Amino acid sequence: MADTLSIESIRNQISSIVDEYGVSSQSIGKLAALLKQFAGEEDFWMNRYRPADKNEELLYEITIDKPSGIALYLVSDASGVKSPPHIHHTWAAIAGISGVELNRLYTIENNEIMKVNEVKTVPVGPGEVITLAEDDIHSTAVVGSQSTYHLHLYGCDLKSLPAFNTRTFSAE
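None of the values given here were measured: they were computed from a predicted structure. (Residues numbered from 1 in each chain as written. Predicted model: local features only at pLDDT ≥ 70, side-chain atom pairs only at ≥ 80, totals over all residues. Heavy atoms only, no water.)

Section: the side chain of Arg-167
Applicable threshold: Working definition: helices are DSSP H or I runs of at least four residues, strands are E runs of at least two. Numbering for both runs from the N terminus. Burial status follows relative accessibility: with a 1.4 Å probe on protein chains alone, a residue under 20% of its type maximum counts as buried, one over 50% as exposed, and anything between as partly exposed. A positive count includes Lys and Arg, and a negative count includes Asp and Glu. His and the chain ends are not counted in either. Any carboxyl oxygen of Asp or Glu that lies within 4 Å of a side-chain nitrogen of Lys or Arg is treated as forming a salt bridge with it. Any N or O atom pair separated by 3.5 Å or less is treated as a polar contact, with the protein-specific requirement of one donor-capable and one acceptor-capable atom, and with residues adjacent in sequence counted only for side-chain atom pairs. Residue contacts follow a heavy-atom distance rule, with two residues in contact if any of their heavy atoms lie within 4.5 Å.
Considering the arrangement of structural elements, one finds Arg-167 in the segment after strand E9 (149-154). Asp-157 provides the closest opposite charge to the buried, salt-bridge-free Arg-167, at an N-O distance of 10 Å. Within the structure, the side chain of Arg-167 is placed 2.7 Å from the backbone oxygen of Ile-87, a separation counted as a polar contact. When neighbours within four sequence positions are excluded, Arg-167 is seen to be in contact with Pro-85, His-86, Ile-87, His-88, His-89, Leu-161 and Pro-162.

In structure tokens, the structure reads:
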């Protein structure tokens, strides 16, 4: 695939799945499998996008499928970078390219004060994929000493979501 992988081919393959299956659990599964395939092309990503430096989080917009709004990003987080528990309000699939991102999943304990309880931990490293439903709450933390590269596919452009601080929860 390395010879044929391009941003245009990625966009076309995503569009093809959405055109054929719509947006459903079946199509999200197919998109996650496709994302895993793209993530397997480590050199394609790492030769084009610089890794995060100390305390840095980099978000590269790769492509947005205009008809469906599905958006693909490359994320590189430096060692030690963490995100608080948050909700996306859209489905997501995350595939590891290099490094390990620890995803913690939560359930709501008290919605009024935005408090959650951890229920599961899922490491996402090279060759691994996690999917999240639109109401799933998760946090991330980089494990190890190297910066990560992960592909993040969302049901919509992140710029269309409410401000991040309005979508975060407390796990204390």
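Examining the nonpolar core
Let me state the cut-off plainly: Only buried Ala, Val, Leu, Ile, Met, Phe, Trp, Tyr and Cys residues count toward a nonpolar core, and they belong to the same one when joined by side-chain atoms within 4.5 Å.
With 32 residues, the main nonpolar core has Trp-45, Leu-74, Leu-151 and Leu-153 as its most contacted residues. For this core, the secondary-structure elements that each account for two or more residues are helix H1 (7-21), helix H2 (25-39), helix H3 (42-46), strand E1 (57-64), strand E2 (71-77), strand E4 (92-98) and E9. Of all the elements, H2 adds the most residues to this core, at seven residues. Ignoring anything within four residues of it in the chain, the contact list for Leu-74 reads Trp-45, Tyr-49, Leu-58, Leu-59, Tyr-60, Ile-62, Ile-97, Tyr-149, His-150 and Leu-151. If you look at the next biggest cluster of nonpolar residues, it comprises eleven residues, including Ala-71, Tyr-73, Leu-132 and Tyr-154.

So, the sheet that holds E2
Cut-off, in case you're wondering: Pairing between two strands is assigned when DSSP locates at least 2 bridges connecting them. Fitted lines through C-alpha atoms serve as axes, helices being fitted only where they are in contact, and the angles separating the N-to-C directions of these axes extend from 0 to 180 degrees.
Taken in spatial order, the five strands of this open sheet run E1-E2-E9-E4-E7, and their pairing is antiparallel. One side of each edge strand has no neighbouring strand; the edge strands of this open sheet are E1 and strand E7 (129-132). Averaged over all neighbouring strand pairs, the angle between strand axes comes to 20°, with direction disregarded. One ladder, built from seven bridges, connects E1 with E2; its direction is antiparallel. The residue bridging Leu-58 from the neighbouring strand is Ser-76, located in E2.

Observations concerning the sheet that holds strand E6 (residues 115-124)
Reading across the sheet, the four strands line up as E3-E8-E5-E6 and stay open at both edges, with antiparallel pairing between neighbours. Each edge of the open sheet is held by one strand with a lone partner, namely strand E3 (82-87) and E6. Across the sheet, the mean angle separating the axes of adjacent strands is 20° when strand polarity is ignored.

A word on the side chain of Thr-90
Position of Thr-90 among the secondary structure elements: in the loop between E3 and E4. Overall, Thr-90 belongs to the buried group, its relative accessible area being 7%. A distance of 3.4 Å separates a polar atom in the side chain of Thr-90 from the backbone nitrogen of Gly-155. Ignoring any residue separated from it by four or fewer positions in sequence, one finds Thr-90 in contact with Ala-133, Glu-134, Tyr-154, Gly-155 and Cys-156.

Interpretation in functional terms is not warranted from these geometric data alone.
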